[in-house]
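Coordinates in review
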Amino acid sequence: MPADLHVHSTASDGTTRPADVVREAAAVGLDVVALTDHDTTAGHDEALRALPPGLGLLRGAEISCAAGGVSLHLLGYLFDPTESELAAALETLRTSRTGRAERMARRLEADGTGVTWERVRQLACGTVGRPHLARALVEQGLVGAMDEAFTPAWIGTGGRYWEPKAELDVVRGVELVVRAGGVAVFAHPAADARGEVVADDVVVAMAEAGLAGLEVDHVDHDEPARRRLRGLAAELGLLVTGSSDYHGGNKDVPLGAHTTPLDVVEALVDRATGAELVRG
Ligand code: AMP
Ligand code: ZN
Ligand code: FE
Ligand code: FE
């Protein structure tokens, strides 16, 4: 199996520790895995220390961005995590996530749901996100499954207990990743089941800012969306990636569910100057 380029761990809203992510990646036969937690690189060191022989680790992050009021996610790979502008931007995003999760939790608490900020904080050992609140709602029996929490009655975007979080302008996001020596890939550009998605002009602007690729093979894209995105990538000279967006027990998709060919991984690695692909 080739490469899975979008994976979450307990450093954000996955349920698998970074060390276990790389062990599982080797066990399912992946050649390369990318660790891309939301707005953080905190899991990288643990993953590196546990890297099984032969497995390649692509260090990255999934950055919370927006364009014209629409939320979107940018995958940054192999950037220098000590580069000050990008590091500061990521820290701002994480700080905002904490305040926003606390506001959501306290409103749930005030309404007598049994969900508490203390419990949500316990569930999040890294970057806090809505999945931690969703899990607390499941624990209280208020919803039957995590999915049901992402609805208007609860914490779905724009929903009753939803609060916005800080997001980075996506063109600036691409520029910051590139300036830090990294490569940028637009994560699940057509995942419209979760909310609004951006039109092609935003992808064009991202490409002009130095975007390297589009994540096309993703569970949230149906076949027509993938065909359309492949066409757009060809038109703009962008690479095409595929990945599981693995979240452990917080999502149904297994590690390696969608993958990226190794020649595409090589092209990404060749463009990066901020960090290297490390082989165990
Ligand atoms: P946040 O970044 O805190 O706004 O939370 C977004 C995260 O929640 C995504 O990265 C997914 O992991 C998860 N998520 C979003 N929508 C759903 C959904 N409908 N069902 C389950 N998980 C979801
Ligand atoms: Zn997530
Ligand atoms: Fe995402
Ligand atoms: Fe993700």
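Residues numbered from 1 in each chain as written. Chains lettered and ligands numbered in written order. Predicted model: local features only at pLDDT ≥ 70, side-chain atom pairs only at ≥ 80, totals over all residues. Heavy atoms only, no water.

Here we come to the coordination of the iron ion (ligand 3). Of the protein atoms, only Glu62 (OE), His73 (ND1) and His188 (NE2) coordinate the iron ion (ligand 3), at distances of 2.1 to 2.2 Å. Each donor residue of the iron ion (ligand 3) belongs to the same chain, and together they define the spacing E-x10-H-x114-H. A distance of 5.6 Å spans the gap from the iron ion (ligand 3) to the zinc ion (ligand 2). Placement of Glu62 in strand β3 (residues 56-67) and of His188 in the loop between β6 (183-186) and α8 (200-208) is noted, with a sequence separation of 126 residues between them. You'll find Glu62 and His188 in the same group, each marked buried. (Donors = N, O, S within 2.8 Å, 3.2 Å for Na, K, Ca; no water. Helix = DSSP H or I, 4+ residues; strand = E, 2+ residues; numbered from the N terminus. Buried < 20%, exposed > 50% of the residue type's maximum accessible area, 1.4 Å probe, protein only.)

To continue, consider the domain arrangement of the protein chain. As assigned here, the protein chain comprises domain 1 (3-90 + 166-279) and domain 2 (96-149). Centre-to-centre separation of domain 1 and domain 2, based on C-alpha positions: 26 Å. On the domain 2 side, the residues contacting the 12 residues of domain 1 number 9 residues. Taking both sides of the interface into account, the surface hidden between domain 1 and domain 2 amounts to around 780 Å²; carbon and sulfur atoms contribute 43%. Its largest share of buried area at the contact with domain 2, domain 1 owes to Thr10, Asp13 and Asn250, together 46% of the area lost on that side. If you look at where domain 1 meets domain 2, you find 1 salt bridge. One salt bridge connects Arg97 with Asp39, and the closest N-O pair in it is separated by 2.8 Å. Taken together, the links from domain 1 to domain 2 amount to 8 residue pairs in polar contact (both at pLDDT 80 or more). When the residues that make up the side of domain 1 that touches domain 2 are grouped by side-chain class, the tally is 2 nonpolar, 8 polar and 2 charged. (Domains from an automatic or database assignment. Contact = heavy atoms within 4.5 Å. Buried area = accessible area lost by both parts, 1.4 Å probe. Salt bridge = Lys/Arg side-chain N within 4 Å of Asp/Glu carboxyl O. Polar contact = N/O pair within 3.5 Å; in protein donor to acceptor, adjacent residues only side chain to side chain. Nonpolar A, V, L, I, M, F, W, Y, C, P; charged D, E, K, R; others polar.)

The next subject is the coordination of the iron ion (ligand 4). Ideal geometry at a metal gives 109.5 degrees between four tetrahedral donors and either 90 or 180 degrees between six octahedral ones. For the iron ion (ligand 4), every protein donor is listed as His6 (NE2), His8 (NE2), Glu62 (OE) and Asp245 (OD), and the spread of their distances is 2.0 to 2.3 Å. With 4 donor atoms in place around the iron ion (ligand 4) and angles of 75 to 162° between them, the coordination shape is irregular. Relative accessible area serves as the criterion here: at 0%, His6 is assigned to the buried category. (Tetrahedral: all angles 85-135°; square planar, octahedral: opposite > 155°, others 65-115°.)

Let's shift gears to the site of ligand 1. For ligand 1, the full set of nearby residues is Asp13, His38, Arg97, Arg100, Gly129, Arg130, Pro131, Asp147, Phe150, Lys165, Arg194 and His247. Taking Arg97, its side chain carries an N or O atom lying 2.9 Å from an oxygen atom of ligand 1. Within the complex, the protein chains bury 88% of what would otherwise be the 500 Å² of accessible surface of ligand 1. Here the shell around ligand 1 is built from residues that sort into 2 nonpolar, 3 polar and 7 charged. Counting contributing residues, the shell around ligand 1 receives three or more from each of domain 1 (3-90 + 166-279) and domain 2 (96-149). (Near = heavy atom within 4 Å. Areas by Shrake-Rupley, 256 points an atom, 1.4 Å probe, with all protein chains shown as cover.)

A few words on the packing of α8 against helix α9 (residues 223-236). The contact between α8 and α9 brings their axes to 11 Å, and the two run at 35°. Of the two elements, α8 crosses α9, and the hand of that crossing is right-handed. Every residue of α9 that contacts α8 at Asp200, Val203, Val204 and Ala207 is listed here: Arg228, Leu232 and Leu236. The residue inventory of the contact of α8 with α9, partitioned by class, reads 5 nonpolar, no polar and 2 charged. (Axes fitted to C-alpha atoms, helices over the stretch in contact; angles between N-to-C directions. Left-handed = near helix turned anticlockwise from the far one by under 90°.)

Further remarks concern the pairing of strand β8 (residues 239-242). Bridge count between strand β7 (residues 213-217) and β8: 4 bridges; the pairing is parallel. When the sheet's bridge partners are listed, Asp217 is paired in β8 with Gly242. Handedness of the β7-α9-β8 crossover: right-handed. (Pairing = 2+ DSSP bridges. Right-handed = clockwise from strand over helix to strand, strands pointing away.)

Compared with an ideal rise of 1.5 Å per residue, which puts 27 residues at 39 Å, helix α3 (residues 84-110) spans 39 Å between its outermost C-alpha atoms and is within 8% of the ideal. The inward-facing, buried residues of α3 abut β2 (32-38), β3, α4 (117-123), α5 (130-139), β5 (168-169) and α7 (170-179). Between a side-chain oxygen at the N-terminus of α3 and the backbone nitrogen of Glu85 the separation is 3.3 Å; the capping residue is Glu83. Two residues or fewer after α3 comes Gly112, characterised by a positive phi angle close to 70°. (Expected span 1.5 Å × (residues − 1).)

Moving on to the packing of aromatic side chains. Throughout the structure, instances matching the rule amount to 1 aromatic pair. Centre to centre, the rings of Trp154 and Tyr161 are 5.9 Å apart; their planes meet at 20°, and the pair counts as stacked. Residue Trp154 is classed as buried on the basis of its relative accessible area, which comes to 17%. (Phe/Tyr/Trp six-rings, centres within 6.5 Å; stacked < 30°, edge-to-face > 60°.)

Turning our eyes to something else, we now look at the side chain of Arg100. For Arg100, the location among the structural elements is in helix α3. The charged side chain of Arg100 is buried without a salt bridge, its nearest counter-charge being Glu167 at 7.0 Å. Setting aside anything within four residues of it in sequence, one finds Arg100 in contact with Arg130, Trp162, Glu163, Pro164 and Lys165. (Lys, Arg positive; Asp, Glu negative; His and termini not counted.)

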